[in-house]
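Single-letter residue listing:
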Amino acid sequence: MIIAGGFLGAGKTTLIWDVAQRLMAKGLRVGLITNDQAPELVDSRLLKQANLQVEEVAGSCFCCNFNGFTDAIKSLRKEVEADVILAEPVGSCADLTATIIRPLKQFLERDVLVSPLTVLSDPMRLESIIYGGDGGLHEDAAYIYRKQLEESEVILITKTDLLTDSKLEKLKKDTQTCFPHSTIMAVSTQNGIGVTEWLEEVGHRLGSGKKILDINYDKYAHGEAVLGWLNGTVAVSSKTPAYWDTLLKDIMNGIAKVVKKEKLRVGHVKVIAENGAQYAVGNITGDASTLQLRGTAGTSENLKLIVNARVETSPEHLNEIVKDVIATAIGDKYDNEILAWRFLQPGRPNPTHRIV
């Protein structure tokens, strides 16, 4: 089992997708486990679009639903006889060694070999954090980010195609200084650099689960609770074939515009636009300058939108923002129907096990 953690927007799902393809090309059977505080998860849909075998643990984090997590492991072993399981925890989770890795090693030691805990980190947020900033987050959310890095066995700097070689080398060096007991690596799924090296590292290294955090659960709980969470699914239809990428871009830019206007801190906002086997994904971690679009939803008369938003505001206000932006983008051009919609504030972490 390879656990790829890291804060919201770090690029976990993109890396897992890439790694799964590489492992399957070698003839290995691969299963994936995604995780969120609510169902209707963009990451799960994205991975399933690539015909990957995915189990979703929804409604709470892995640590607070350890039995659900182990049920997902058993299901993947039974259904696909998985050789490798890639697990993506909720982006705001920390303390994974005590609540996930050590319990796995105690209760499933004959079934699962756990690789070193990898924490992915967006280079812009990482740079801010290691130089004393808040990474564009509330101070208690930034506390979670630091604790994730602190307990990591491997820190994997992502999106390195956005950095010059000299800036990346400085960031790696400074990160190593701040976290001397972690292995520092770097990767770009955009151009494939570093993926093989990271997979070799975590695929052959033993001895995970040695770092136990000294963590303040009150501060941790508040760091999660400052974010409003929203997951929703909307069916959109047009009387004549529509080019859906334009709608996706309008929605992403609309949310980014409100974020900037109201000076809201963003964990991430992800939207997948599905048109059968064709799909496009939009992602922001701040204003429009952070917007990333990939894929294409093509042209048709019917579309399904799945929206996941994690923004520092009340769930009620986040609900208003997202609904208003979608309504404006759709206008009177299309018909739409909400298929599922949930907005919430995460509850206090209450791990099933904590083995120290």
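Residues numbered from 1 in each chain as written. Predicted model: local features only at pLDDT ≥ 70, side-chain atom pairs only at ≥ 80, totals over all residues. Heavy atoms only, no water.

A.B. asks: Even after reading the chapter, I still don't get the overall build of the chain, so can you show me in this structure?
C.D. replies: Within the chain one finds 11 helices and 13 strands. Its C-alpha atoms give the chain a radius of gyration of 20 Å, near enough to 21 Å, the size a compact globule of 356 residues would have. A total of 356 residues make up the chain; the buried ones form 57% of that total. Considering only residue pairs separated by 6 or more positions, the chain has 78% of its internal contacts joining residues 24 or more positions apart. Averaging the coordinates of the 40 positive side-chain charges in the chain and doing the same for the 45 negative ones gives two points 2 Å apart. (Helix = DSSP H or I, 4+ residues; strand = E, 2+ residues; numbered from the N terminus. Rg over C-alpha atoms; globule rule 2.2 N^0.38 Å. Buried < 20%, exposed > 50% of the residue type's maximum accessible area, 1.4 Å probe, protein only. Contact = heavy atoms within 4.5 Å. Lys, Arg positive; Asp, Glu negative; His and termini not counted. Charge placed at Lys NZ, Arg CZ, Asp CG, Glu CD.)

A.B. asks: Is there a simple way to explain unusual backbone geometry in this structure?
C.D. replies: When glycine is set aside, most residues are seen to have a negative phi, and most peptide bonds are trans. At Glu81, a residue that is not glycine, the phi angle is positive and equals roughly 50°. Position of Glu81 among the secondary structure elements: in the loop between α3 (66-79) and β4 (84-87). Accessibility expressed as a relative area gives 51% for Glu81, which makes it exposed. Residues other than glycine seldom take positive phi values, yet Asp95 does so here, at roughly 65°. When you line up the elements, Asp95 lands in the loop between β4 and α4 (96-107).

A.B. asks: Just to check I follow, could you spell out the packing of aromatic side chains for this structure?
C.D. replies: The geometry of two aromatic rings is summed up by the distance between their centres and the angle between their planes. Applying the stated criterion to the full structure yields 6 aromatic pairs. With centroids separated by 5.6 Å and ring planes inclined at 35°, the aromatic side chains of Phe7 and Tyr145 adopt a geometry described as tilted. Within this pair, whereas Phe7 is found in the loop between β1 (2-6) and α1 (12-25), its partner Tyr145 is found in helix α6 (residues 139-151), the two being separated by 138 residues in sequence. Residue Phe7 shares its accessibility class with Tyr145, and that shared class is buried. A ring pair is formed by Phe62 and Phe69, whose centres lie 4.2 Å apart and whose planes are at 25°; its orientation type is stacked. Among the residues examined, Phe69 registers a relative accessible area of 0% and is labelled buried. Cluster of aromatic residues (ring-pair linked, three or more members): Phe62, Phe66, Phe69 and Phe107. (Phe/Tyr/Trp six-rings, centres within 6.5 Å; stacked < 30°, edge-to-face > 60°.)

A.B. asks: Mind showing me how you'd approach the side chain of Thr158 here?
C.D. replies: Considering the arrangement of structural elements, one finds Thr158 in the loop between β6 (154-157) and α7 (165-178). When neighbours within four sequence positions are excluded, Thr158 is seen to be in contact with Ala10, Leu120, Ser121, Asp122, Pro123 and Val187.

A.B. asks: Please explain the sheet that holds strand β10 (residues 278-284) as it appears in this structure.
C.D. replies: Hydrogen bonding along the main chain pairs the strands of a sheet, whether they run parallel or antiparallel. The 6 strands lie next to each other as β11-β10-β9-β12-β8-β13, forming an open sheet whose pairing is antiparallel. Two strands in the sheet have a free side with no partner beyond their single neighbour: β11 (292-296) and β13 (335-344). Going across the sheet, the axis of each strand differs from the next one's by a mean of 10°, ignoring polarity. When strand β9 (residues 266-275) meets strand β12 (residues 299-311), the two strands line up antiparallel, connected through 8 bridges. Note that in β12 the partner of Ala273 across the bridge is Leu305. (Pairing = 2+ DSSP bridges. Axes fitted to C-alpha atoms, helices over the stretch in contact; angles between N-to-C directions.)

A.B. asks: Looking at this model, I keep getting lost on helix α9 (residues 217-225). Mind explaining?
C.D. replies: Residues spaced three or four apart along an α-helix point in a common direction, a consequence of the helix completing one turn every 3.6 residues. By the burial criterion, the buried members of α9 are Tyr217, Tyr220, Ala221, Gly223, Glu224 and Ala225. Those residues of α9 that are buried lie in contact with α4, α6 and β8 (228-243). Where α9 begins, the side chain of Asn216 points an oxygen toward the backbone nitrogen of Asp218, at a separation of 2.9 Å. (Polar contact = N/O pair within 3.5 Å; in protein donor to acceptor, adjacent residues only side chain to side chain.)

A.B. asks: Explain the sheet that holds strand β7 (residues 183-186) here, please?
C.D. replies: Spatial strand order, β3-β2-β4-β1-β5-β6-β7: 7 strands in an open sheet with parallel pairing. Each end of this open sheet is capped by a strand with a single partner; those strands are β3 (53-58) and β7. Neighbour-to-neighbour, the strand axes of this sheet turn through a mean angle of 25°, independent of strand direction. Across 3 bridges, the pairing between β1 and strand β5 (residues 118-121) is parallel. Along β5, the bridge assignment pairs Gly5 with Val119.

A.B. asks: Where do I start with the packing of helix α5 (residues 123-130) against α7 in this structure?
C.D. replies: Axis angle and axis distance: for two packed helices, these are the angle between their axes and the distance between the axes, and together they describe the pair. At a closest axis distance of 10 Å, the pairing of α5 and α7 adopts a crossing angle of 45°. In terms of orientation, α5 and α7 fall into the oblique class. Our pair here, α5 against α7, has a crossing hand that is left-handed. Together, Pro123, Leu126, Glu127 and Ile130 of α5 and Lys167, Leu171, Asp174, Thr175 and Cys178 of α7 make up the contact between the two elements. Grouping the amino acids of the contact of α5 with α7 by side-chain chemistry returns 5 nonpolar, 1 polar and 3 charged. (Parallel < 35°, antiparallel > 145°, perpendicular 65-115°, else oblique. Left-handed = near helix turned anticlockwise from the far one by under 90°. Nonpolar A, V, L, I, M, F, W, Y, C, P; charged D, E, K, R; others polar.)

A.B. asks: Can you walk me through the pairing of β1 in this structure?
C.D. replies: The side chains of a regular strand alternate, residue by residue, between the two faces of the sheet. For β1, the tally of buried residues reaches 5 of 5 residues, placing the bulk of the element in the interior. Bridge count for β1 against β4 is 2 bridges, and the pairing is parallel. Within β4, the residue paired with Ile2 across the bridge is Leu86.

A.B. asks: Is there a simple way to explain helix α10 (residues 244-262) in this structure?
C.D. replies: The end-to-end C-alpha distance of α10 is 28 Å, a good match for the 27 Å that 19 residues give at a rise of 1.5 Å each. Regarding α10, the residues found buried are Trp244, Asp245, Leu247, Leu248, Ile251, Met252, Gly254, Ile255, Ala256 and Val259. Where α10 is buried, its residues contact β8, β9, β10, β11, β12 and α11 (315-330). Following α10 by one or two positions, Lys263 has its phi on the positive side, about 55°. (Expected span 1.5 Å × (residues − 1).)

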